[in-house]
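Examination of the molecular architecture
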Amino acid sequence: MERTYIMIKPDGVQRGLVGEIIKRFEQKGFKLVAMKITMPSKEHMETHYEDLKTKKFFPGLIAYMTSGPVCAMVWEGKGACLEGRKMLGATMPSDSAMGTIRGDYCIEVGRNICHGSDSVESANKEIAHWFPEGVCEWESCEASWIYE
Ligand code: UDP
Ligand code: MG
């Protein structure tokens, strides 16, 4: 089954949105297979965002992302990467539809409260980076009510 890496950014944690974001993924039908609150190092975050290192906003992004704890999670389910991105909304909160996480809870791109893997390939890389210890495999009793 597909997995995606979802991370509540420091602003989402500070603003008390952890429960709200988890609730949305749970209620959609995805399964939580890993989660931790962690204060990442600058090097760890630079590796996470290494594709963006030439961007002008990169130093600000790293400062923002290391300004407090993040909630790192892995969610599992059919189409988890694409569906997770739909649930997050667009990168720019102003382009995000109401009803999405970014559309509902934030205003600026540099404080957009959550991260979600943009592909299965990115997800596999990000999950290995944030959870080298692996994830928890478990059977959900809801599975036959979510999948036909
Ligand atoms: N970002 C920013 N300014 C920009 C574009 C992106 O501060 O003009 C930040 C924003 O927090 C975004 C993150 O960099 O979530 C990663 O950018 P990406 O293009 O990968 O967007 P995402 O995948 O998070 O939607
Ligand atoms: Mg991205």
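Bear in mind that the values here come from a model prediction, so they are computed numbers and not experimental data. (Residues numbered from 1 in each chain as written. Chains lettered and ligands numbered in written order. Predicted model: local features only at pLDDT ≥ 70, side-chain atom pairs only at ≥ 80, totals over all residues. Heavy atoms only, no water.)

Each helix and strand in the protein chain was counted, giving 8 helices and 4 strands. Traced from its N-terminal end to its C-terminal end, the protein chain shows the element sequence β-α-α-β-α-α-β-α-α-β-α-α. Relative to the globule expectation of 15 Å for 148 residues, the C-alpha radius of gyration of the protein chain, 15 Å, shows essentially globular dimensions. In terms of principal-axis extent, the alpha carbons of the protein chain reach across some 45 × 35 × 25 Å. Burial statistics for the protein chain: of 148 residues in total, 42% are counted as buried. At a minimum sequence separation of 6, the contacts of the protein chain that also span at least 24 residues come to 78%. Only carbon and sulfur atoms are counted for the fraction: they give 55% of the accessible area of the protein chain, which is about 8,300 Å². Here the protein chain holds 18 positive side-chain charges and 21 negative ones, and the gap between their average locations is 5 Å. (Helix = DSSP H or I, 4+ residues; strand = E, 2+ residues; numbered from the N terminus. Rg over C-alpha atoms; globule rule 2.2 N^0.38 Å. Buried < 20%, exposed > 50% of the residue type's maximum accessible area, 1.4 Å probe, protein only. Contact = heavy atoms within 4.5 Å. Areas by Shrake-Rupley, 256 points an atom, 1.4 Å probe, with all protein chains shown as cover. Lys, Arg positive; Asp, Glu negative; His and termini not counted. Charge placed at Lys NZ, Arg CZ, Asp CG, Glu CD.)

Counting all residues, the mean pLDDT for the protein chain is 98, and 100% of those residues have values of 70 or more. Here the prediction assigns the complex a pTM of 0.98, and the interface score ipTM is 0.98. (pLDDT = per-residue confidence, 0-100.)

This paragraph deals with the UniProt feature "active site" (unreviewed entry) in the protein chain. As annotated in UniProt, the feature "active site" (unreviewed entry) corresponds to His115 in the numbering used here. Examined against the element boundaries, His115 turns out to sit in strand β4 (residues 114-116). The buried category is assigned to His115, whose relative accessible area is 9%. Non-local contacts of His115, meaning those with residues more than four positions away in its chain, are made with Tyr5, Ile6, Met7, Lys9, His48, Tyr49, Leu88, Arg102 and Glu126. (UniProt positions renumbered as here; feature names shortened; annotations may be inferred.)

Right, let's talk about the site of ligand 1 for a bit. Taken together, Lys9, Tyr49, Leu52, Phe57, Leu61, Arg85, Thr91, Met92, Arg102, Val109, Gly110 and Asn112 make up all the residues around ligand 1. A distance of 3.1 Å separates an oxygen atom of ligand 1 from a polar atom in the side chain of Arg102. Separating an oxygen atom of ligand 1 from a backbone N or O atom of Val109 is a distance of 3.1 Å. Protein chains bury 78% of the 500 Å² of accessible surface belonging to ligand 1 in isolation. (Near = heavy atom within 4 Å. Polar contact = N/O pair within 3.5 Å; in protein donor to acceptor, adjacent residues only side chain to side chain.)

Attention now goes to the environment of Gly19. Mapped onto the fold, Gly19 is located in helix α2 (residues 18-28). With relative accessibility at 47%, the residue Gly19 sits in the partly exposed group.

Turning next to the UniProt feature "domain: Nucleoside diphosphate kinase-like" (unreviewed entry) in the protein chain. According to UniProt, the feature "domain: Nucleoside diphosphate kinase-like" (unreviewed entry) maps to residues 1-137 in the numbering used here. Across residues 1-137, helical content stands at 41% and strand content at 18%; the span's end C-alpha atoms are separated by 11 Å.

Regarding helix α4 (residues 58-65), the residues found buried are Phe58, Leu61, Ile62, Tyr64 and Met65. For α4, the arc enclosing every buried residue in end-on projection is 160°, short of the 170-degree limit, so these residues lie on one face. Tucked inside the fold, the buried residues of α4 contact β1 (3-8), α1 (10-14), α3 (42-48) and β3 (70-76). (Arc of directions from axis to C-beta.)

Turning our attention to the nonpolar core. Counting residues in each nonpolar core, the largest one holds 19 residues, and the members touching the most others are Tyr5, Met7, Met45, Tyr49, Met65, Trp130 and Phe131. Sorting the residues of this core by element identifies β1, β2 (31-38), α4, β3 and α7 (120-130) as the ones contributing at least two each. By residue number, the principal contributor to this core is α4, which donates 5 residues. In this view, Trp130 contacts Tyr5, Met7, Lys36, Thr38, Pro40, His44, Met45, His48, Val70 and Ala72; residues no more than four positions away in its chain are not counted. Counting 17 residues, the second largest nonpolar core, distinct from the first, contains Leu17, Ile21, Ala80 and Met87. (Core = buried A, V, L, I, M, F, W, Y, C linked by side-chain atoms within 4.5 Å.)

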